[in-house]
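Summary of structural features
So you can see what is in the structure, the chains are spelled out below.
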Amino acid sequence: MVIMGVESTAHTFGVGIVTEDGNILANVKDSYSSPDAGMIPDEVANHHKSVAEEIRKKSFKEAGITWDDVEFISYSAGPGLDPALWTGYNIVKSWSEKNKKKLVGVNHCCAHLSIGKVWNKLKDPCYLYVSGVNTQIIVQEEGRYRIMGETLDIGLGNLLDKFGRVVGLGFPAGQKIEELAKKGKYVELPYTVKGMDMSFSGILTKVQQLHNKGISVEDLCFSLQETCFAMLAEVVERAMANTDKKELLLVGGVGANKRFCEMLDIMCKERGARFFKVPIDLAGDQGAMIAWEGVLRRNESEDMEVDPHWRTDEV
Ligand code: AMP
Ligand code: MG
């Protein structure tokens, strides 16, 4: 028997098929993108509706399974964009009713953490979760997640995407920013670490102002990366020192950035710790992580509709 996982919290609709011991048999997805705007909620919902059946069929074909092989359906119940979540929920609900499969609602953020942990075979890492919406430093204590530090406003990915929109890079912008940063030099930006938390919205305002003054996009890309990655490296190092963690695991879409990984790797080496990330196809949103989180939570969760504001430390 296999477990099917369905992701639909934001830009991506994905279906993953995993075995009970964490083998990934298929992980098919399709992501909404837009040439000149951010995520328009209704468009995202329509995207998910239009690709769902095709993505499911592809994943079943790749895994070599039929509905008979599916033990239950795990789905992303939150946090996320309301219309995207409800669209995803209605799709899994109809699949579950038609094929008589139990639904298990799981937390999208916890799924990012769990897939990284199982992939790297880690014992007890400090997690750095940096995606579009989320930026959090997390540890596990007595079976529960504890958030050591987090953004006070927007997620780092969101900052990158909003900046990308201002300067015409399209959505999502992270990868293009990484490319352009290679040709940039440093201009000073606000460094906004507040205790164990950080803030990114002021940095967005500042880069917008500098862009209007004629500072090059390359320089702004470089400076954004250097400043924001350094802020996170600082807070993560403090979290690791305070909790005595020897492993750092970076998850979420911004984890695809090579410069970010390099900085975190240096910080870990300097303190005798080890840095881990996830392969690019498991770093961003996808269904395999939802399936695996379902395997871990199968006895404690069920059909719970959706919860757009479900926090990691409430799980
Ligand atoms: P997620 O929400 O986990 O799927 O992550 C999506 C976010 O990752 C978006 O904000 C992207 O702009 C960002 N992202 C993707 N690739 C990169 C990259 N190479 N460097 C920085 N950010 C990236
Ligand atoms: Mg995500």
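Placed above this text is the structure.
So, a few notes on the structure that sits alongside this text. (Residues numbered from 1 in each chain as written. Chains lettered and ligands numbered in written order. Predicted model: local features only at pLDDT ≥ 70, side-chain atom pairs only at ≥ 80, totals over all residues. Heavy atoms only, no water.)

**Some remarks on the overall build of the chain**
This is how it is decided: Think of it this way: any DSSP run of H or I at least four residues long counts as a helix, any run of E at least two long counts as a strand, and we number them from the N terminus. For a compact globule the rule gives 2.2 Å times the number of residues to the power 0.38, and the radius of gyration it is set against comes from C-alpha atoms. Using a 1.4 Å probe on the protein chains alone, a residue whose accessible area is under 20% of its type maximum counts as buried, one over 50% counts as exposed, and one in between counts as partly exposed. We call two residues in contact when some of their heavy atoms are within 4.5 Å. Surface accessibility follows the Shrake-Rupley procedure with a 1.4 Å probe radius. Residue values consider only the protein chains on display as shielding.
On a plain count of helices and strands, the chain comes out with 10 helices and 12 strands. A globule of 315 residues ought to have a C-alpha radius of gyration of about 20 Å, and the chain, at 19 Å, matches this closely. Once the C-alpha set of the chain is aligned to its principal axes, its extents read approximately 60 × 45 × 30 Å. Out of the 315 residues in the chain, the part that is buried amounts to 57%. Counting contacts in the chain only where the partners sit at least 6 residues apart, residues at least 24 apart contribute 74% of the total. Accessible area for the chain stands at about 13700 Å²; split by element, carbon and sulfur atoms hold 49% of it.

**As for helix α10 (residues 287–297)**
Spelled out, the test is: Pairs of N or O atoms are called polar contacts if they sit within 3.5 Å, as long as, within protein, a hydrogen donor faces a hydrogen acceptor (for residues adjacent in sequence, only side-chain-to-side-chain pairs).
Within α10, 10 of the 11 residues are buried, which leaves the element mostly enclosed by the surrounding structure. When we look at burial in α10, the residues that qualify are Gly287, Ala288, Met289, Ile290, Ala291, Trp292, Glu293, Gly294, Val295 and Arg297. A side-chain oxygen of the first residue of α10 lies 3.2 Å from the backbone nitrogen of Ala288; this N-cap is Gln286.

**Focus on the coordination of the magnesium ion (ligand 2)**
The line we're drawing: Coordination shells were defined by N, O and S atoms within 2.8 Å of each metal, extended to 3.2 Å for Na, K and Ca; water is absent from the atom set, which can make sites look incomplete.
For the magnesium ion (ligand 2), the full set of protein donor atoms is His108 (NE2), His112 (NE2) and Asp285 (OD), and the range of their distances to it is 2.0 to 2.3 Å. When the donors of the magnesium ion (ligand 2) are listed by position in the chain, the intervening gaps give H-x3-H-x172-D. With His108 and His112 both in helix α3 (residues 108–120), this residue pair falls 4 residues apart, about one helical turn.

These figures capture arrangement, not role.
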